[in-house]
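# Architecture and fold: a report
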Amino acid sequence: MKMSFEPRGEIGVVRVEEARIDASVAIEFKDQFKDLTDGSETNVVLDLSAVDFLDSSGLGAVVAARKLLGAGRVLELAGLTPAVGKVMTLTRMESIFPIHADLEAALAAYGPRDPSV
Amino acid sequence: MTQPGTIKERFPATAADVRHALIRTDAALDAGGAAEPLRIRAEIALGEIFNNIVEHAYDGAEAVHQRDILICLTLQASGIDCDVRDWGKPMPDGGLPARPYPPIDAGDVPGLPEGGFGWALVRDLADDLCYRREDGQNILQFHLSQPD
């Protein structure tokens, strides 16, 4: 599955470029997340704006991604589409993931990267 | 003959076929006039039920000659009447798991649950859930109500 990582100062952005995180790609999602974030030590924002659908296997993989970062780092979520947001709400995931309307809002929450810009 | 507002499908019980069946079903419900909140409810509930059939009903070495899932969805003003059938193993203990959402403790990162959400979602989203075993078939019937 297509995923990318981009360090943005104090936070890394993992973007999922697939329409669905379901049972057929859940393990692949977790493996790729691990590979992409392995070298970094920052918090991570997971940009899900391209994802239309997430089932409980996909949700389990996102939780697994959270665990990979460890207790000292945070996994934030951005750009939840209606179906993904519904699954997150029903399963009470807001209590473990800070959720932002979109990537810009997530980055803004970390403040300007460089005061001179 | 299929009536207007009725969606009937039979597809192989694999993760890839489940994905395509959900995409087709969503498009058919959209074409039938179902609004997005109801379609979201249907996609989440049906996805969990189909995954359960793939992973549990058809799990194991037993030879099953019809490894398929059969669905009949009827779109009504009040929501969607659903009938989902398979030829796999019966539900353990003959009934549907009565599972609440797994507890989440934000302070215990290593202990966060990675599974156990499926039936809780189905029970949350579906009304009048009814399971029975008949002629070697698992038959699950339920109603998905129009969200308020």
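Scroll up for the structure.
### Digging into the interface of chain A and chain B
Quite often, the size of an interface is put as the accessible area lost when its parts meet. Facing the 28 residues of chain A at the interface are 25 residues of chain B. Carbon and sulfur atoms make up 66% of the surface buried where chain A meets chain B, a total of about 2,300 Å² over both sides. One can count three salt bridges joining chain A with chain B. Notably, a salt bridge pairs R19 of chain B with D22 of chain A, separated by 2.8 Å at the nearest N-O pair. In this assembly, chain A and chain B are joined by seven residue pairs in polar contact (both at pLDDT 80 or more). Elements that contribute at least two residues to the side of chain A that touches chain B include exactly α2 (56-69) and α3 (82-90) of chain A. The element that contributes the greatest number of residues to the side of chain A that touches chain B is α2 of chain A, accounting for eight residues.

### Overview of the pattern of salt bridges
Counted according to the given criterion, the structure contains 13 salt bridges over all chains. Here K34 of chain A and D38 of chain A are joined by a salt bridge, their closest N and O atoms 4.0 Å apart. Residue K34 of chain A is classed as partly exposed on the basis of its relative accessible area of 38%. Linked by salt bridges that have partners in common, D26, D30 and R39 of chain B make up one network.

Definitions and limits used
- Residues numbered from 1 in each chain as written.
- Chains lettered and ligands numbered in written order.
- Predicted model: local features only at pLDDT ≥ 70, side-chain atom pairs only at ≥ 80, totals over all residues.
- Heavy atoms only, no water.
- Contact = heavy atoms within 4.5 Å.
- Buried area = accessible area lost by both parts, 1.4 Å probe.
- Salt bridge = Lys/Arg side-chain N within 4 Å of Asp/Glu carboxyl O.
- Polar contact = N/O pair within 3.5 Å; in protein donor to acceptor, adjacent residues only side chain to side chain.
- Helix = DSSP H or I, 4+ residues; strand = E, 2+ residues; numbered from the N terminus.
- Buried < 20%, exposed > 50% of the residue type's maximum accessible area, 1.4 Å probe, protein only.

So yeah, pure geometry; function would need other evidence.
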